[in-house]
Amino acid sequence: MKTDLTELQNIIEKANIPIDQKKMLSETFNALLARNDSVLEEIRNRVLKENKNLRMDFSDKWNIATTLISTHISGGVRGFRRMIGNFQESKDEENFLGNSQCINIENNYFLNCSCENASEICTDKYPYTGCVNLQGEDVKFNYRLAYDLSYTEAERILFYIADIYHIARPIIFSPYSRRAVKIQIPNQDQYARVADFLNDNPETLVPYCLEQNQLDGKLLSGKQLMWNIRTESVSLPEYEIANDQNRSYFAPYGDREIYRYEFKNIDDNAFICPDISDFAKIIAAEKDLDRRQITLIAKERLLEPCELVQIIRTDSKNIYDFPIFSNSTSDSRFSKERLRTEGDLEFVLHKLSMPEHGFICQFYRLNLTEKSDLKIVPRYSHELTYGESYIPHEQYLYEKRHALPFCYIKFSGDEKFLTDYANYVLLFLENRYPDFRWIGVI
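To keep things clear, this report deals only with the structure shown in the data block. Since this is a predicted model, take the numbers as computed values, not measurements.

## Things to note about the overall build of the chain
When its secondary structure is counted, the chain shows eight helices and 19 strands. For the chain, buried positions account for 47% of its 442 residues. Expressed as a percentage of contacts within the chain between residues at least 6 apart in sequence, the contacts between residues at least 24 apart total 76%. Carbon and sulfur atoms form 48% of the exposed surface of the chain, whose accessible area is close to 24,200 Å².

This is how it looks when you write it as structure tokens:
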């Protein structure tokens with residue numbers, strides 16, 4: 001609101017002071033009020049811009065692709081980088097003395113089968129028998145296949161980013177992250193020489209007698225999982241350094257202090273993610289595209305370096321042996337905040353379909369009670385699911401108000417990845433629209 005200049009001028013005119021002093025006061029107040037109005041307008045514009053930046057949806061920048069390729073492809077795949085776990089891998093099973101009960105064969109192995117077959121192949125026991133020739137002697141050994149969770153762990157950073165930057169679309173579709181396995185043999189003295197030989201020859205699958213173990217064509221080696229993500233560790237900005245550099249500062253907010261960390265020269269398709277140990281301290285993340293700056297706003301001081309995550313623009317055409325899976329949709333924004341009609345649901349499902357891979361999802365049925373006469377799509381186990389799921393808590397809150405209807409979605413497509421596709425869609429629907437119980441059928 002602008003100050004009333006006319007009222008001040010009337011007060012000066014009525015004052016019992018010499019004319020020259022009235023003129024001086026009038027000119028002084030004119031300059032002060034002009035400056036005051038300019039500052040107020042600048043503050044107003046900055047507040048509005050920061051509010052817009054905090055609420056901005058960056059979904060149109062969020063195009064994630066994954067593919068599995070041979071390790072022997074010269075130069076790799078343009079726009080893709082090897083997916084490497086950024087988080088601590090889950091510990092192997094230990095006995096009561098704290099010793100590992102198995103030995104991992106160090107290499108990248110993947111299963112070439114359906115999700116259901118993979119869950120049958122991976123087991124806690126050692127059901128498979130292999131054989132190696134050591135100094136002219138055939139030595140048999142037992143082994144098992146266990147899920148390698150390093151890739152699903154690596155995906156977590158994307159879900160942390162999506163949370164603080166308001167990404168309102170599916171985050172990543174990566175079936176081969178859920179086909180990664182480790183070959184493990186018992187940690188026993190008689191297998192020590194076997195483990196040395198297998199680790200010295202990691203790509204050969206001959207010792208594992210695949211045909212005999214009904215794994216022929218299902219266990220792959222010499223492959224690497226790729227995605228169009230580049231990561232780089234970045235230090236926290238120092239406190240109050242030069243304006244053209246990254247900087248941090250704190251400011252009072254009521255009875256507490258708010259910390260702001262400014263990262264400059266950030267590309268449009270790049271994001272700053274705090275360390276996991278600092279994530280709970282984050283209030284919001286502001287991305288200013290015009291200034292190429294990201295500001296992390298925290299309620300406590302951050303202690304660990306952050307991660308710069310850049311999404312590389314790439315051609316997602318299937319030009320290699322294995323398909324390139326992408327979260328691309330016909331529209332990057334899911335504008336339906338609530339599903340009020342069947343038309344709203346069909347609109348969302350149409351955008352979640354993947355005709356380039358033959359995957360289709362369609363509305364099937366809405367019931368107030370659960371149906372048992374349908375073939376239900378199995379859901380991922382907790383360790384294979386996408387990101388952190390807060391669905392039970394959300395649905396509990398909704399159920400406190402009214403009973404949640406069961407919404408059945410029909411899925412069709414390639415059998416090998418159909419369960420993966422269904423889980424990808426259902427998890428997004430559950431997180432985005434928790435006022436339904438989402439169930440997939442085939």
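## Regarding unusual backbone geometry
Within the chain, Cys209 stands out as a residue other than glycine whose phi angle is a positive 45 degrees. The residue Cys209 is located in the loop between helix 5 (192–200) and strand 7 (219–220) in this model.

## Comments concerning the packing of helix 6 (residues 342–352) against helix 8 (residues 415–432)
Between helix 6 and helix 8, the least distance of the axes is 11 Å, while the angle of their chain directions is 135 degrees. In terms of orientation, helix 6 and helix 8 fall into the oblique class. Viewed along their axes, helix 6 and helix 8 form a crossing whose handedness is right-handed. Contacts from Val348, Leu349 and Leu352 in helix 6 reach Tyr421, Val425, Phe428 and Leu429 in helix 8.

## Some words on the environment of Lys125
Counting through the fold element by element, Lys125 comes out in the loop between helix 3 (115–121) and strand 4 (128–134). Lys125 sits 20 residues away from Leu145 along the chain, and the two C-alpha atoms are 9.0 Å apart.

## As for the environment of Glu137
Summarising the element assignment, Glu137 is placed in strand 5 (residues 137–147). Excluding its chain neighbours within four sequence positions, the residues that come into contact with Glu137 are Val132 and Arg193.

## Some details on helix 4 (residues 150–164)
With respect to burial, helix 4 is a largely interior element, 13 of its 15 residues being buried. Two residues or fewer past helix 4, His166 is found with a positive phi of approximately 60 degrees.

## Examining the sheet that holds strand 8 (residues 223–227)
On the basis of which strands lie adjacent, the open sheet formed by four strands has the order 2-8-1-16 and antiparallel pairing. Whereas interior strands pair on both sides, the edge strands pair on one side only; in this sheet they are strand 2 (81–82) and strand 16 (325–326). Where strand 2 meets strand 8, two bridges bridge the pair, whose relative direction is antiparallel. Paired with Arg81 across the bridge in strand 8 is Trp227.

## As for the packing of aromatic side chains
Under the defined criterion, the tally for this structure stands at 19 aromatic pairs. Ring centres 5.2 Å apart and planes at 70 degrees place the aromatic pair Tyr143 and Tyr208 in the edge-to-face group. You can see Tyr143 sitting in strand 5 and its partner Tyr208 sitting in the loop between helix 5 and strand 7, a full 65 residues away along the chain. Relative accessible area serves as the criterion here: at 0%, Tyr143 is assigned to the buried category. On the accessibility criterion, Tyr208 (0% relative accessible area) is buried. Centre to centre, the rings of Phe325 and Phe417 are 5.2 Å apart; their planes meet at 70 degrees, and the pair counts as edge-to-face. Of this pair, Phe325 sits in strand 16 while Phe417 sits in helix 8, and the two are 92 residues apart along the sequence.

## Structural notes on a nonpolar patch on the surface
A cluster of nonpolar side chains, Met24, Leu25, Phe29 and Leu32, forms an exposed patch at the surface whose accessible area comes to about 350 Å². Secondary-structure assignment places Leu25 in helix 2 (residues 19–55). Relative accessible area serves as the criterion here: at 31%, Leu25 is assigned to the partly exposed category.

## Observations regarding the side chain of Asn228
Summarising the element assignment, Asn228 is placed in the loop between strand 8 and strand 9 (229–234). Of the residues examined, Asn228 reaches a relative accessible area of 1% and is grouped as buried. At 2.9 Å, the side chain of Asn228 forms a polar contact with the backbone oxygen of Asn63. There is a polar contact of 2.8 Å between the side chain of Asn228 and the backbone nitrogen of Ala65. Beyond its immediate stretch of four places on either side in the chain, Asn228 contacts Asn63, Ile64, Ala65, Gly79, Phe80, Gln310, Ile311, Ile312 and Thr314.

## A short note on the side chain of Ser70
Mapping Ser70 onto the fold places it in strand 1 (residues 65–70). Those residues in contact with Ser70 that sit more than four places away from it in its chain are Gly222, Lys223 and Gln224.

## What to know about the sheet that holds strand 17 (residues 360–367)
Spatially, the three strands line up as an open sheet ordered 17-18-19, and their pairing is mixed. A single partner strand is all that each edge strand has here, and the edge strands are strand 17 and strand 19 (437–441). Neighbour-to-neighbour, the strand axes of the sheet open up by a mean angle of 30 degrees, direction not taken into account. With five bridges joining them, strand 18 (residues 406–412) and strand 19 adopt parallel strand pairing. If you follow Phe406 over to strand 19, its bridge partner there is Arg437. Strands in contact with helix 6 are strand 17, strand 18 and strand 19; relative to strand 17, the strand with the most contacts, it is inclined by about 150 degrees. Across the sheet, helix 8 touches strand 17, strand 18 and strand 19, and the angle it forms with strand 18 is around 150 degrees.

## Some thoughts on helix 8
The end-to-end C-alpha distance of helix 8, which contains 18 residues, comes to 26 Å, matching closely the 26 Å that a straight helix rising 1.5 Å per residue would cover. Extensive coverage of helix 8 is indicated by the burial of 14 of its 18 residues. The N-capping residue of helix 8, defined by a side-chain oxygen 3.1 Å from the backbone nitrogen of Lys416, is Asp414.

How each quantity is defined
- Residues numbered from 1 in each chain as written.
- Predicted model: local features only at pLDDT ≥ 70, side-chain atom pairs only at ≥ 80, totals over all residues.
- Heavy atoms only, no water.
- Helix = DSSP H or I, 4+ residues; strand = E, 2+ residues; numbered from the N terminus.
- Buried < 20%, exposed > 50% of the residue type's maximum accessible area, 1.4 Å probe, protein only.
- Contact = heavy atoms within 4.5 Å.
- Areas by Shrake-Rupley, 256 points an atom, 1.4 Å probe, with all protein chains shown as cover.
- Axes fitted to C-alpha atoms, helices over the stretch in contact; angles between N-to-C directions.
- Parallel < 35°, antiparallel > 145°, perpendicular 65-115°, else oblique.
- Left-handed = near helix turned anticlockwise from the far one by under 90°.
- Pairing = 2+ DSSP bridges.
- Phe/Tyr/Trp six-rings, centres within 6.5 Å; stacked < 30°, edge-to-face > 60°.
- Patch = residues over 30% accessible without salt bridge, like charges linked within 9 Å, V, L, I, M, F, W, Y side chains within 5 Å.
- Salt bridge = Lys/Arg side-chain N within 4 Å of Asp/Glu carboxyl O.
- Polar contact = N/O pair within 3.5 Å; in protein donor to acceptor, adjacent residues only side chain to side chain.
- Expected span 1.5 Å × (residues − 1).

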